[in-house]
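Okay, here's what each chain looks like letter by letter:
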Amino acid sequence: MFERVLEGIRDLFPGSAGTIPLHAPWFDTADEEAVMACVRSSFVSSVGEGILAFEQELAEYTGAGRAVAVVNGTAALHAALVLNGVGPGDLVITQAFTFIATCNAITYTGARPVFIDVDPDTFGLSPRALERWLERECRQEGGGCVHVRTGARVRACIPMHTFGHVAHIEEIITRCRDRGIAVIEDAAEALGSTRGGRHAGTFAPIGTLSFNGNKIVTCGGGGALLFEDPELADRAKHLTTQAKVPHPWAFQHDLIGFNHRMPNLNASLARSQLRKLPHNLAVKRALHDRYRELFADGPFRLVEAPPGTSPNHWLNAVLVRDRQERDTFLQACLEAGIQARPAWELATDQPMYRDDLKDDLAVSRELQDRCVNLPSSAHP
Ligand SMILES: *Cc1c(COP(=O)(O)O)cnc(C)c1O
């Protein structure tokens with residue numbers, strides 16, 4: 001039924017003999033050497049020059065003032081929320097159309113999420129839907145935003161740059177800043193993506209990244225926080241390294257910190273992978289162009305970059321007609337040895353988040369039914 005498309009996808013990955021993976025990491029001898037050099041040095045754990053060097057290189061690449069490396073993207077989100085004083089009884093706005101890590105990080109702090117719809121052009125949090133919910137359900141009180149019915153403080157908002165497409169982040173930040181709501185950009189999927197030439201994750205005071213195995217570059221597990229304010233970055237470093245007060249020998253800690261630091265072994269691989277990012281971006285752009293040719297005459301609509309943005313094309317996506325066509329296509333991909341995937345089930349459909357506050361989620365629901373991600377590795 002989808003023969004032409006399935007054959008077209010196979011042709012894009014001539015190197016894949018078996019099943020074409022959705023997104024495989026790519027390592028070369030430089031990566032192997034970086035890992036081995038770290039092992040030989042014996043500094044594989046919490047101390048080592050790779051960590052600081054990676055933080056500097058990452059800040060330089062993204063144009064962030066500072067970067068702090070952590071153990072994964074979920075830990076980065078958690079630390080970002082704690083740095084903003086989010087805790088039990090608070091509300092944090094995010095999108096229901098996201099990977100579950102965004103929602104779980106909120107819950108770890110004792111706060112609860114509020115689910116707002118996404119935009120049909122970016123698949124990221126909709127500034128208009130955000131404004132509508134805030135206007136209808138909240139009021140300003142004592143310099144902050146309070147949800148009227150529950151009396152809970154809306155302390156933060158986490159928009160997510162879905163599949164590497166940059167959300168309407170400036171509008172989101174304006175609406176939140178006016179109300180004293182902190183913005184944290186979940187840029188886990190968007191390293192290398194820009195809007196107006198500015199990198200995803202550097203618009204808000206804090207942005208977070210992930211270097212998990214399925215992301216555009218990987219160090220096995222890893223994450224980072226991006227900051228403009230060096231003082232906030234110093235606080236983040238302290239908080240994520242057990243809050244130890246610097247001293248040649250004494251074990252003194254001035255608050256309850258976290259062991260969220262990135263090991264030097266991971267940082268060594270992360271540095272080597274970051275050098276490949278420009279290459280990966282170029283390969284993925286070319287792959288996206290070929291997907292555009294493949295879907296020029298249908299049968300599905302390829303998801304394109306929002307105007308004014310340059311995405312990293314982390315995961316290519318198409319929109320099919322409905323959930324039934326989606327499942328028929330996914331089954332056909334499975335049989336053809338092509339690893340395609342539906343988008344996430346909405347967080348509001350997961351048992352842990354069923355009873356949380358939410359707005360109308362019409363666009364999110366439609367994307368959940370109609371979105372299919374296609375193989376997008378950076379080494380076809
Ligand atoms: C990958 C990802 C994360 C964080 O993932 P980790 O596996 O913890 O590094 C967070 N949010 C989104 C949207 C992601 O895709």
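For the structure, see preceding data.
Please read these numbers as outputs of a predicted model, since none were measured by experiment.

A.B. asks: What's the story with the packing of helix H4 (residues 73-83) against helix H8 (residues 230-239) in this structure? I'm lost.
C.D. replies: Each packed pair of helices is defined by two parameters, the angle between the axes and the distance between the axes. Between H4 and H8, the shortest axis-to-axis distance is 10 Å and the interhelical angle comes to 120 degrees. For the element pair H4 / H8, the angle class is oblique. Read as a crossing pair, H4 and H8 show a hand that is right-handed. When H4 is examined against H8, the residues Ala79, Val82 and Leu83 are found in contact with a partner set consisting of Arg235, Ala236 and Leu239.

A.B. asks: I'm lost on the site of the ligand in this one. Help?
C.D. replies: Contacts to the ligand come from 15 residues, most closely from Gly73, Thr74, Glu189, Ser210 and Lys215. The contact in question runs from an oxygen atom of the ligand to an N or O atom on the side chain of Ser210, over 2.7 Å. In this structure the site holding the ligand corresponds to the largest pocket. For the shell around the ligand, the secondary structure elements donating two or more residues are H4 and helix H5 (100-108). Of the residues that constitute the shell around the ligand, the class distribution is four nonpolar, eight polar and three charged.

A.B. asks: What exactly am I supposed to notice about the pattern of salt bridges here?
C.D. replies: Between side chains of opposite charge, a pair can form when the charged atoms approach closely. One pass over the structure, following the stated rule, counts 23 salt bridges. Between Arg292 and Asp289 there is a salt bridge, and its shortest N-O distance comes to 3.1 Å. Residue Arg292 and its partner Asp289 are located together in helix H10 (residues 277-294), separated by three residues, close to a single helical turn. Using a relative accessible area of 33% as the deciding quantity, one classes Asp289 as partly exposed. The shortest N-O distance in the salt bridge between Glu304 and Arg292 comes to 2.9 Å. Taken together, the positions of Glu304 in the loop between strand S12 (301-302) and strand S13 (309-310) and Arg292 in helix H10 put the pair twelve residues apart, joining distant regions of the chain. You can call Glu304 partly exposed: its relative accessible area is 31%.

A.B. asks: Quick question: what am I supposed to make of the sheet that holds strand S17 (residues 371-374) here?
C.D. replies: Strand pairing in a sheet is mediated by backbone hydrogen bonds. Such pairs are either parallel or antiparallel. Judged by pairing direction, the sheet is antiparallel, and its four strands sit side by side in the order S12-S14-S17-S15 without closing on themselves. Looking at which strands have only one partner, the edges of the open sheet turn out to be S12 and strand S15 (341-342). The pairing of S12 with strand S14 (residues 316-319) spans two bridges and is antiparallel. In the sheet register, Leu302 faces S14, and the bridge partner there is Val318. Across the face of the sheet, helix H11 (residues 323-335) comes into contact with S15 and S17 while running at roughly 20 degrees to S17.

A.B. asks: Would you explain the side chain of Thr102 in this entry?
C.D. replies: By the element assignment, Thr102 lies in helix H5. Within the local environment of Thr102, its side chain forms a polar contact with the backbone oxygen of Phe99, the two atoms lying 3.2 Å apart. Among the polar contacts listed, one links the side chain of Thr102 to the side chain of Asp186, at a separation of 3.0 Å. Excluding residues within four positions of it along the chain, Thr102 makes contact with Leu77, Thr94, Ile158 and Asp186.

A.B. asks: Would you take a moment to explain a nonpolar patch on the surface for this structure?
C.D. replies: Residues Met36, Val39 and Val44 make up a contiguous nonpolar surface patch of roughly 210 Å² in combined accessible area. Following the sequence through the fold, Met36 ends up in helix H2 (residues 29-41).

A.B. asks: What is the right way to read the nonpolar core from this model?
C.D. replies: Within soluble globular proteins, side chains that are nonpolar generally end up buried alongside one another. One finds Leu58, Phe163 and Phe211 to be the most contacted residues of the largest nonpolar core, which totals 71 residues. Formed jointly, this core draws a minimum of three residues from each of two domains, domain 1 (3-26 + 277-345 + 369-373) and domain 2 (29-275). When neighbours within four sequence positions are excluded, Phe163 is seen to be in contact with Phe97, Phe123, Glu189, Asn312, Trp314, Leu315, Ala317, Ala343, Trp344, Cys371 and Asn373.

A.B. asks: Help me understand empty space enclosed by the protein, please; the structure alone is not making it clear to me.
C.D. replies: A water-sized probe, rolled over the atoms, reveals where empty space remains. Applying the stated rule across the entire model yields two cavities of 30 Å³ or more. If you add up the space inside the largest cavity, you get close to 50 Å³. Forming the walls of the largest cavity are His23, Ala24, Pro25, Trp26, Lys215, Ile216, Val217, Thr218, Gln273, Asn280, Ala378 and His379. Taken together, the residues of the lining of the largest cavity break down into six nonpolar, five polar and one charged. Shared between two domains, the lining of the largest cavity takes at least three residues from each, and those domains are domain 1 (3-26 + 277-345 + 369-373) and domain 2 (29-275). Approximately 40 Å³ is the volume attributed to the second largest cavity. Looking at the second largest cavity, the residues that line it are Phe163, His165, His288, Val303, His313, Leu315, Asn316 and Ala317.

Procedures and definitions
Within any chain, residue numbers begin from 1 and follow the written order of that chain's sequence. A pLDDT threshold of at least 70 governs which residues receive local features in this predicted model, and a stricter bar of 80 or more applies before side-chain atom pairs are shown or counted, although totals over entire chains, interfaces and linings include all residues. Working from all heavy atoms in the structure, the side-chain values ignore hydrogens and water. Fitting a line to C-alpha atoms yields each axis, with helices limited to the stretch in contact; the angle taken between N-to-C directions then spans 0 to 180 degrees. Under the DSSP-based scheme used, a helix requires at least four consecutive residues in state H or I and a strand at least two consecutive residues in state E, with every element numbered from the N terminus. Any angle from 65 to 115 degrees is called roughly perpendicular, while one under 35 is roughly parallel, one over 145 is roughly antiparallel, and all others are oblique. Crossing chirality is assigned from the near helix's rotation relative to the far helix, an anticlockwise turn below a right angle marking it left-handed and a clockwise turn marking it right-handed. Should any heavy atoms of two residues lie within 4.5 Å, those residues are counted as being in contact. One heavy atom within 4 Å of a molecule or strand is enough for the residue carrying it to be called near that molecule or strand. Polar contacts, as used here, are pairs of N or O atoms within 3.5 Å; protein pairs need one atom able to donate a hydrogen and one able to accept it. Residues neighboring in sequence count only if both atoms are side-chain atoms. The pocket and cavity definitions rest on a 1 Å grid over protein atoms only: a 1.4 Å probe that fits but cannot leave marks a cavity, an open set with protein on both sides within 12 Å along at least five of seven lines marks a pocket, and residues lining either have an atom within 4 Å of a point. Any molecule with more than half of its atoms within 2 Å of a cavity's or pocket's grid points is regarded as sitting in that cavity or pocket. Under the scheme applied, nonpolar residues are Ala, Val, Leu, Ile, Met, Phe, Trp, Tyr, Cys and Pro; charged residues are Asp, Glu, Lys and Arg; polar residues are all the others, including Gly. Any carboxyl oxygen of Asp or Glu within 4 Å of a side-chain nitrogen of Lys or Arg constitutes a salt bridge here. The rule is simple: take the accessible area with a 1.4 Å probe, protein chains only, and divide by the maximum for that residue type; under 20% is buried, over 50% is exposed, in between is partly exposed. At least two DSSP bridges between two strands are needed for those strands to be called paired. To count toward a patch, a residue needs a relative accessible area over 30% and no salt bridge; like charges are then connected within 9 Å, while nonpolar side chains (Val, Leu, Ile, Met, Phe, Trp, Tyr) are connected within 5 Å. Throughout, the Shrake-Rupley method with a 1.4 Å probe supplies accessible areas, and for residues the shown protein chains are the sole cover considered. We call a set of buried residues a nonpolar core when its members are Ala, Val, Leu, Ile, Met, Phe, Trp, Tyr or Cys and they connect through side-chain atoms within 4.5 Å of each other. Domain delimitation in this document rests on an assignment produced automatically or drawn from a domain database. Grid points are joined across faces, edges and corners, and a volume is the space filled by probe spheres set on the points.

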